[in-house]
Amino acid sequence: MRFAIFGDIHSNLEALEAVLADAKDCGCTHHVCIGDIVGYNANPHECVEIIKGLGCPVVKGNHDEQAHLNGSLEAFNPLADAALRWTRENLTDEDKQWLASLRLIRQVRDFTIVHATLDTPNQWGYVFNQLDAAASFNYQYTNVCFYGHTHAPRAYVRDEAVHHVPLEVLPIEFGKKYFINVGSVGQPRDGDWHASYCIYHADKNLVELRRVEYDINFAQDKVVDAGLPQRLADRLALGS
Ligand code: ZN
């Protein structure tokens, strides 16, 4: 059993299609989505349709939540705000109802998925360091939990203490807990523009980080053509 685990797609259709093709090439048998399907880029409806079509476990991200609400966007920075307003106008009512139906935390087989944190999942805090990870570990009841939200792939392990470990190929050892950020499909922020996701080789107890090339120029052109801020197109190439 091989899980492709991905999130922070952010309406980037080209990146999503490339990740799904790579997962297929790698022999993935299951899909898992950790939220923020929409926001920032030009194809929110198409990305929702694809994820719905996969019929896989999905948790809600903060952009998914804002996209189905009608209230103000005070918690968002101006770029995210502009993109969310556009996103709301470019989703169907059915898309919004489906986004509204998503849960914040789910258990899938022997692991957990959440978008932001396990300790306060509805407050959308960020896990940037060991201290943040330690707070989530207190609410983690499976050996492994996958999350996103920071758009930077990263892994924390808790044994005697909480520390940061390399993610490229990470063996899951019995008796330890792992909190693993799969990075972002559609808007990576770790300086690498390639789409990011993880493969969980459940039979081998191994997590593998994948970085995937996609047609970034096409995705950027669509952002500009849609009338979204130029900065949103530029940042894709910077991985920021
Ligand atoms: Zn996000």
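What counts, and where the lines are drawn
Residues numbered from 1 in each chain as written. Predicted model: local features only at pLDDT ≥ 70, side-chain atom pairs only at ≥ 80, totals over all residues. Heavy atoms only, no water. Pairing = 2+ DSSP bridges. Helix = DSSP H or I, 4+ residues; strand = E, 2+ residues; numbered from the N terminus. Axes fitted to C-alpha atoms, helices over the stretch in contact; angles between N-to-C directions. Contact = heavy atoms within 4.5 Å. Donors = N, O, S within 2.8 Å, 3.2 Å for Na, K, Ca; no water. Tetrahedral: all angles 85-135°; square planar, octahedral: opposite > 155°, others 65-115°. Buried < 20%, exposed > 50% of the residue type's maximum accessible area, 1.4 Å probe, protein only. Parallel < 35°, antiparallel > 145°, perpendicular 65-115°, else oblique. Left-handed = near helix turned anticlockwise from the far one by under 90°. Nonpolar A, V, L, I, M, F, W, Y, C, P; charged D, E, K, R; others polar. Phe/Tyr/Trp six-rings, centres within 6.5 Å; stacked < 30°, edge-to-face > 60°. Lys NZ or Arg CZ within 6 Å of the ring centre and 35° of its normal.

Q: Could you clarify how one ought to interpret the sheet that holds strand 4 (residues 111-114) in this entry?
A: Each strand in a sheet pairs with another by means of backbone hydrogen bonds, the pair being arranged parallel or else antiparallel. Within the open sheet, the six strands sit side by side as 3-4-5-9-6-7. Their pairing is mixed. What marks the edges here is a single partner per strand, and that holds for strand 3 (105-108) and strand 7 (162-165). Recorded for the sheet is a direction-independent mean angle of 20° between the axes of neighbouring strands. Relative to strand 9 (residues 177-181), strand 5 (residues 144-147) runs parallel, the two being bridged by four bridges. The residue bridging C145 from the neighbouring strand is F179, located in strand 9. Against the sheet, helix 6 (residues 130-137) makes contact with strand 6 (154-158), strand 7 and strand 9, and its axis sits at roughly 115° relative to strand 7, the strand it touches most.

Q: Whenever I open this one, the coordination of the zinc ion confuses me. Can you help?
A: Perfect tetrahedral coordination of a metal by four donors corresponds to 109.5 degrees between them, and perfect octahedral coordination by six donors corresponds to 90 or 180 degrees. Taken together, the protein ligands of the zinc ion are D8 (OD), H10 (NE2), D36 (OD) and H151 (NE2), with distances of 2.0 to 2.4 Å. One can describe the site at the zinc ion as irregular: its four donor atoms subtend angles covering 85 to 178° at the metal. The sequence pattern describing where the donors of the zinc ion fall on their chain is D-x1-H-x25-D-x114-H. Here D8 matches H10 in class, with each residue buried.

Q: It is not clear to me how the packing of helix 1 (residues 13-25) against helix 2 (residues 44-54) should be interpreted in this structure. Could you clarify?
A: In a packed pair of helices, the relevant descriptors are the angle between the two axes and the axis-to-axis distance. Running from N to C, helix 1 and helix 2 point in directions that differ by 25°, and their axes come no closer than 9 Å. Comparing the axis directions of helix 1 and helix 2 gives the class roughly parallel. Crossing geometry of helix 1 relative to helix 2 is assigned as left-handed. Residues L13, L16, E17 and L20 of helix 1 form the contact with helix 2, whose participating residues are E46, C47, I50, I51 and L54. Partitioned by chemical class, the residues of the contact of helix 1 with helix 2 number seven nonpolar, no polar and two charged.

Q: Would you mind showing me how to read unusual backbone geometry here?
A: Peptide bonds are, in most cases, trans, and in most cases residues other than glycine have a negative phi. Here the phi dihedral of Y40 falls at roughly 80°; this positive angle occurs in a residue that is not glycine. Looking at the secondary structure, you find Y40 in the loop between strand 2 (30-33) and helix 2. Looking at Y40, the relative accessible area reads 4%, which means it is buried. Of note in this structure, W124 is not a glycine but carries a positive phi near 55°. Among the structural elements, W124 can be located in the loop between strand 4 and helix 6.

Q: Looking at this structure, how should I read the pairing of strand 10 (residues 195-201)?
A: Regular strands place side chains that alternate from one sheet face to the opposite one. Extensive coverage of strand 10 is indicated by the burial of seven of its seven residues. On strand 10, burial covers both faces: A195, Y197, I199 and H201 on one face and S196, C198 and Y200 on the other are all buried. In this structure, strand 1 (residues 2-6) lies alongside strand 10, joined through four bridges in antiparallel fashion. Opposite R2, over in strand 10, you have H201 as the bridge partner. As defined by bridge partners, strand 10 adjoins strand 11 (residues 206-212) across seven bridges and the pair is classed as antiparallel. Along strand 11, the bridge assignment pairs S196 with R211. Between the end of strand 10 and the start of strand 11, which pair antiparallel, lie four residues, with N205 showing a positive phi angle near 55°.

Q: Explain the packing of aromatic side chains to me, please; I cannot follow it from the model alone.
A: In this description, a pair of aromatic rings is defined by centroid distance and the angle of the planes. Overall, the coordinates contain nine aromatic pairs when judged by the stated rule. Ring centres 5.4 Å apart and planes at 90° place the aromatic pair F111 and F146 in the edge-to-face group. Separated by 35 residues along the polypeptide, F111 in strand 4 and F146 in strand 5 bring together distant segments of the chain. F146 shares its class with F111; the two are buried. Every member of this aromatic cluster is reached through a ring pair, and the members are F3, F111, F146 and Y200. Over the ring of Y40 we find R235, and its NZ or CZ is 5.5 Å from the ring centre.

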